[in-house]
Amino acid sequence: MSAALEMENPIGAGARTKLNGFVHVLRDNGFVVGLAETRDALTVLASPDAARPSRLRPALRALFCSRQSDWQKFDELFDAYWLQRGMKSATRISGAPQTSPPGLQTQAAGQRGFGESDQADHVERGEGSEVSETGQSKREGASRTELLSKTDFRHLTQPEDLEAAHQLAERLARSMRARLTRRMHARRSGQRLDLRRTIHKSIAHGGTPLELVRRKRKDKPLRLVVLLDASGSMNLYSAVFLRFMHGVLDSFREAEAFVFHTRLIHISPALKERNPQRAMERMSLLAQGTGGGTRIGESLATFNRWHAKRCIHSRTCVMIVSDGYDTGPAENLGVEMQALRRRCRRIAWLNPMIGWQGYAPEAAGMKAALPHIDLFAPAHNLDSLEALEPYLARI
Amino acid sequence: MPQEQVATQLAAVGYIPDRDLAMALWLMESLKRPLLLEGEAGVGKTEVARALAHAHDTRLIRLQCYEGLDQSAALYEWNYQRQLLAIKAREGSDASAVEEHIFSETYLLERPLLAAIRQDKPAVLLIDEVDRADEEFEAFLLELLSDFQVSIPELGTITATTIPRVILTSNGTRELSDALRRRCLYHYVDYPDVDREARIILSRLPGIDTDLALQIANMVSLIRKEDLRKSPGVAETLDWAATLAGLEIRHLRDDPETVHETLMCLIKTAEDTARMTREVSDRLLGKVA
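All values derive from a computational prediction rather than experimental measurement.

A. View of the sheet that holds strand β7 (residues 346-350) of chain A. Residue and element names in this part refer to chain A. With mixed pairing, the six strands of this open sheet are ordered in space as β5-β4-β3-β6-β7-β8. At either end of the open sheet lies a strand with only one pairing partner, and these are β5 (264-266) and β8 (375-377). Strand-to-strand, the axes of this sheet are offset by a mean angle of 20°, without reference to chain direction.

B. Broad picture of the nonpolar core. Residues Leu60 and Phe64 of chain A together with Leu25, Leu27, Leu113, Ile127 and Phe137 of chain B are the most contacted members of the largest nonpolar core, which totals 95 residues. Top contributing element to this core by residue count: helix α2 (residues 19-31) of chain B, with nine residues.

C. Structural detail: the packing of aromatic side chains. Residues and elements named next belong to chain A. Taken as a whole and assessed by the stated rule, the structure comprises 13 aromatic pairs over all chains. Residues tyrosine 81 and tryptophan 82 carry aromatic rings whose centres are separated by 5.3 Å and whose planes lie at 80° to one another, so their mutual orientation is edge-to-face. Under the relative-accessibility criterion, tyrosine 81 is labelled buried at 16%. Overall, the relative accessible area of 6% leaves tryptophan 82 in the buried class. An aromatic cluster of at least three residues, connected via ring pairs, comprises Phe22, Phe64, Phe74, Phe78, Tyr81 and Trp82. A cation over an aromatic ring shows up here: arginine 61 above the ring of tryptophan 71, its NZ or CZ 4.9 Å from the ring centre. The ring of tryptophan 306 carries arginine 305 above its face, with NZ or CZ at 4.3 Å from the centroid.

D. Examining the confidence of the model for chain A more closely. Residues and elements named next belong to chain A. Of the residues in chain A, 68% reach a pLDDT of 70 or more, and the chain-wide mean stands at 71. Here residues 1-10 scores under 50 on pLDDT; set against residues more than four positions off or in separate chains, the count is 16 contacts. Counting interchain partners and residues more than four positions distant, the pLDDT-below-50 stretch residues 87-142 has 72 contacts.

E. Geometry of the interface of chain B and chain A. Counting residues at the interface gives 46 residues for chain B and 36 residues for chain A. Interface area for chain B against chain A, summed over the two sides, is near 3,500 Å², with a carbon-plus-sulfur share of 51%. It is Tyr80, Arg182 and Tyr186 of chain B in chain B that bury the most area against chain A; as a group they hold 18% of the surface buried on that side. Our count for the chain B to chain A interface comes out at six salt bridges. The interface formed by chain B and chain A includes 10 residue pairs in polar contact (both at pLDDT 80 or more). Those elements that place two or more of their residues in the side of chain B that touches chain A are α1 (2-12), α2, β3 (76-78), α5 (80-89), α8 (135-147), α9 (178-183) and β9 (185-188) of chain B. Looking at the side of chain B that touches chain A element by element, the count peaks at seven residues for α2 of chain B. The residue makeup of the side of chain B that touches chain A, split by class, is 18 nonpolar, seven polar and 21 charged.

F. How the structure looks around the sheet that holds strand β1 (residues 35-38) of chain B. Reading across from one edge, β2-β5-β8-β1-β9 (chain B) is the order of the five strands in this open sheet, with parallel pairing throughout. Of all the strands in the sheet, the pair left with one neighbour each is β2 (60-64) and β9 of chain B. For this sheet, the mean angle separating the axes of adjacent strands, direction not counted, is 20°. Both β2 of chain B and strand β5 (residues 124-128) of chain B contribute to a ladder of five bridges, which runs parallel. Bridge pairing links leucine 60 of chain B to valine 124 of chain B in β5 of chain B. Each of β1 and β9 of chain B touches helix α5 (residues 68-82) of chain A; the most contacted strand, β9 of chain B, lies at about 80° to it. Set on the sheet, α2 of chain B makes contact with β1, β8 (165-170) and β9 of chain B; between it and β9 of chain B the angle comes to about 165°.

G. Spatial organisation of the pairing of β5 of chain B. Residues and elements named next belong to chain B. Most of β5 is tucked away: five of the five residues are buried. What you see with β5 is no split at all: Val124, Leu126 and Asp128 on one side and Leu125 and Ile127 on the other are buried throughout. Bridge count for β5 against β8 is four bridges, and the pairing is parallel. The residue bridging isoleucine 127 from the neighbouring strand is leucine 168, located in β8.

H. Quick look at the confidence of the model for chain B. Summing up the model confidence of chain B, the mean pLDDT is 88 and the portion of residues at 70 or higher is 98%. Both scores are given for the predicted complex: the pTM is 0.62, the ipTM 0.80.

I. Here's a closer look at the pattern of salt bridges. This model, assessed by the stated rule, comprises 28 salt bridges over all chains. A salt bridge links arginine 67 of chain A to aspartate 178 of chain B; its shortest N-O distance comes to 3.2 Å. Of the two residues, arginine 67 of chain A sits in the loop between α4 (53-64) and α5 while aspartate 178 of chain B sits in helix α9, which places them in two different chains. The partner of glutamate 298 of chain A in a salt bridge is arginine 295 of chain A, and the shortest N-O contact between them spans 3.9 Å.

J. Molecular detail of the packing of helix α10 (residues 194-204) of chain B against helix α12 (residues 234-246) of chain B. All names here are of chain B. Closest axis-to-axis distance for the α10/α12 pair is 10 Å, and the angle between their directions is 55°. Relative to α12, α10 is oriented oblique. Crossing geometry of α10 relative to α12 is assigned as right-handed. Within the contact between the two elements, α10 uses Glu197, Ile200, Ile201 and Arg204 and α12 uses Val234, Thr237, Leu238 and Ala241. Here the contact of α10 with α12 is composed, by residue class, of five nonpolar, one polar and two charged.

K. Focus on helix α15 (residues 296-311) of chain A. Residues and elements named next belong to chain A. Here α15 is 16 residues long, yet its end C-alpha atoms lie only 18 Å apart, well below the 22 Å a rise of 1.5 Å per residue gives. The sharpest bend along α15 measures roughly 45° and falls at arginine 305. Turning to α15, its buried residues number three or more, namely Ile296, Gly297, Ser299, Leu300, Phe303, Asn304, His307, Ala308 and Cys311. In the core, the buried residues of α15 are packed alongside β3 (223-229), β4 (255-260), β5, β6 (316-321), α16 (330-343) and β7.

L. Representation of the side chain of threonine 162 of chain B. Here threonine 162 of chain B lies in the loop between β7 (156-159) and β8. Here the side chain of threonine 162 of chain B touches glutamine 119 of chain B through a polar contact of 2.7 Å, landing on its backbone oxygen.

M. Examining the environment of leucine 75 of chain B more closely. Residue and element names in this part refer to chain B. When you line up the elements, leucine 75 lands in the loop between α4 (71-74) and β3. Once the C-alpha coordinates of leucine 75 and arginine 111 are considered, the two residues, 36 residues apart in sequence, prove to be 4.8 Å apart. In this view, leucine 75 contacts Leu109, Glu110, Arg111, Leu113, Leu114, Phe140, Leu144 and Val150; residues no more than four positions away in its chain are not counted.

N. Seen up close, the packing of α4 of chain A against α5 of chain A. All names here are of chain A. Packing of α4 against α5 brings their axes to within 11 Å, and their N-to-C directions diverge by 135°. One element, α4, and the other, α5, form an angle in the oblique class. Relative to α5, α4 is oriented so that their crossing is right-handed. Contact residues: Leu56, Arg57, Leu60, Arg61 and Phe64 in α4; Asp70, Trp71, Phe74, Asp75, Phe78, Asp79 and Trp82 in α5. Along the lines of polarity and charge, the residues of the contact of α4 with α5 split into seven nonpolar, no polar and five charged.

Scoring rules and cut-offs
- Sequence order as written defines residue numbering, which begins from 1 separately in each chain.
- Labels follow written order: the first chain is A, the first ligand is 1, and so on.
- Local features in this predicted model are restricted to residues whose pLDDT is 70 or higher, and side-chain atom pairs enter the listing and the counts only when it is 80 or higher, whereas totals over whole chains, interfaces and linings include all residues.
- To get the side-chain values, all heavy atoms of the structure are used, and hydrogens and water are removed first.
- By the convention used here, strands pair only if DSSP detects at least 2 bridges between them.
- For the purposes of this entry, the term helix denotes a DSSP run of H or I that reaches at least four residues, the term strand denotes a run of E that reaches at least two, and both are numbered from the N terminus.
- A fitted line through C-alpha atoms represents every axis, and for helices the fit uses only the stretch in contact; the resulting angles, taken between N-to-C directions, go from 0 to 180 degrees.
- In plain words, nonpolar cores are sets of buried Ala, Val, Leu, Ile, Met, Phe, Trp, Tyr and Cys residues tied together by side-chain atoms within 4.5 Å.
- Relative accessibility thresholds used throughout: buried, under 20% of the residue-type maximum; exposed, over 50%; partly exposed, between the two (1.4 Å probe, protein chains only).
- Working definition: a ring pair exists when centres of Phe, Tyr or Trp rings (six-membered ring for Trp) sit within 6.5 Å. Plane angles under 30 degrees give stacked, over 60 give edge-to-face, the rest tilted.
- For a lysine, the NZ atom is tested; for an arginine, the CZ atom; a charge sits over a ring if that atom is within 6 Å of the ring centre and within 35 degrees of the ring normal.
- A residue's pLDDT is simply how confident the predictor is in it, with values from 0 to 100.
- What makes two residues a contact is simply this: any of their non-hydrogen atoms within 4.5 Å.
- Once two parts are put together, the accessible area they lose, assessed with a 1.4 Å probe and summed over both, is termed the buried area.
- Within this document, salt bridges are pairs made up of a side-chain nitrogen of Lys or Arg and a carboxyl oxygen of Asp or Glu, the two lying within 4 Å of each other.
- Pairs of N or O atoms within 3.5 Å make up the polar contacts considered here, provided that, within protein, one atom can donate a hydrogen while the other can accept it, and that residues adjacent in sequence are counted only when both atoms are side-chain atoms.
- Only Asp, Glu, Lys and Arg are considered charged, only Ala, Val, Leu, Ile, Met, Phe, Trp, Tyr, Cys and Pro nonpolar, and every remaining residue, Gly among them, polar.
- An angle below 35 degrees is read as roughly parallel, one above 145 as roughly antiparallel, one from 65 to 115 as roughly perpendicular, and any other as oblique.
- Crossing chirality is assigned from the near helix's rotation relative to the far helix, an anticlockwise turn below a right angle marking it left-handed and a clockwise turn marking it right-handed.
- Multiply 1.5 Å by the residue count of a helix minus one, and that product is the helix's expected span.
- The term bend refers to the angle at a residue between two fitted axes, each drawn through seven residues, those ending there and those starting there.

As structure tokens, then:
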């Protein structure tokens, strides 16, 4: 295969630099590669047994991959870097997105239009922060927040309003997450006698069980699975929702997220990216190819078949965010909803259009899904998102 | 040729690894790092550890993980009954002497992790389905796997006599922590390809006809491509092969009826049984060369 590889001295500075470059490419693509792995890779390169090109790939793969998604991406990145093959796709992945799907375009535009200082300003204003110099700006900040939280996302036309709404959505999600997790600890109850530990303690008293040790049964924490419609008809809402989901998911392990349009895409790994902007970038790449019809039924079928077993346990709430316009047959959606209903604790369907005046769920897909839904709620502004918390806390 | 050596060693005990797995195992050996195996149920992850132990002629120590698994079930436990008996038997003697006596090795019950680091010959430690254990346990494992020592409050620190070869498996019920993943080498175990599966059948069922083994492997790989809820694993393939060999079938196509009837060795849910009709099995059989 690569003659270039064989010519290089395996432990020379050239190889070292080349390896470092590869590690960077991997990190850019979401691999978790630390110093220890790089050091081990150098050891491997230095060993005459493994430094041959045919062995390099499997050796580096075992070292640098740490999950299935890495495993699937590895070959392409390896070829692109070491064999200069398929470079185009590799640069596309690590660089900025060329095109964004409709659902994410507004989001990307909002972010591109604003520099760091602008964003910081909005954070302060959003919080009604003390840092604002004048009382007037403080008041303005408060009223703006209030206004923003009541405005339907589709009426947020100014990029700065949209950005502020995004940031509020994210903050709301974070505080909700924190409170939900706390409640989960407080609710742990159920007392049983732990015989093993009681006997252990009684050894100290010569076998008389003076101290009774009780065991608390641990509740499974609430888990959220979010399925977000990223089709054209939803694009004004899905951008804000992605940000909201980022807030819920980032560093919160009991959550999974998917977007769907004509197919279903798992986006949890991208949402675990700490930096919201980078997360959005990665997601817009994942969600490429949006537009066209929405196949809710089919996407749900994919979820039920491939993801449900892993994602859903007894305390799971599945949240579907969609306007319910399914281009597939409505019966399919009904059947899949029923299957999903059997698996999880609650299904909440959030429909931005509920917030509109005179809305009635007339779409065939929405009608078919309704009998299997526990909560049918609006999600057109920040207030409606906040209203979800008490519901989730009860699960 | 290190990986080839690993591959040969494993093949000698009936496990046919692919090249990448052989490389991962060699790295595990030379870097002294645990190896995390992920993949669908039934692809033979556990079997890797068993073969490895067999090849090195050493003990396989298995820790099956489950929700609520804690240190006392995984690491060590005191034998309370014996301790109580000892206390009763020595009633009246000096308390501190009794205490010293009952917290000694005699009363210590080894659990898999402690056993694994106290072998004279490096054992193979299989931590099976680590994704089923709680996150707390995963964190505890990290400490053990990096230091290979254990502190028991009543006894002191126990350092590993030998460092075991550690294999962890995960089915992906829960996302594992980055910390654990980073500590391990990684290999994604997929279903074997037709050729490798045929070789697996041949190595496990030595009497079987080579041609039949190939046909079986072919058929199973076609079934895996069908839209089934539970794809057949390697163990199921072996069951089916044994059944067919037992029925003295030479060519699958000669007897489509029997083939269809024995497919229950491979199909494990009612839904899949309904889906795998005679028409489907005949169609697949038509594709088997």
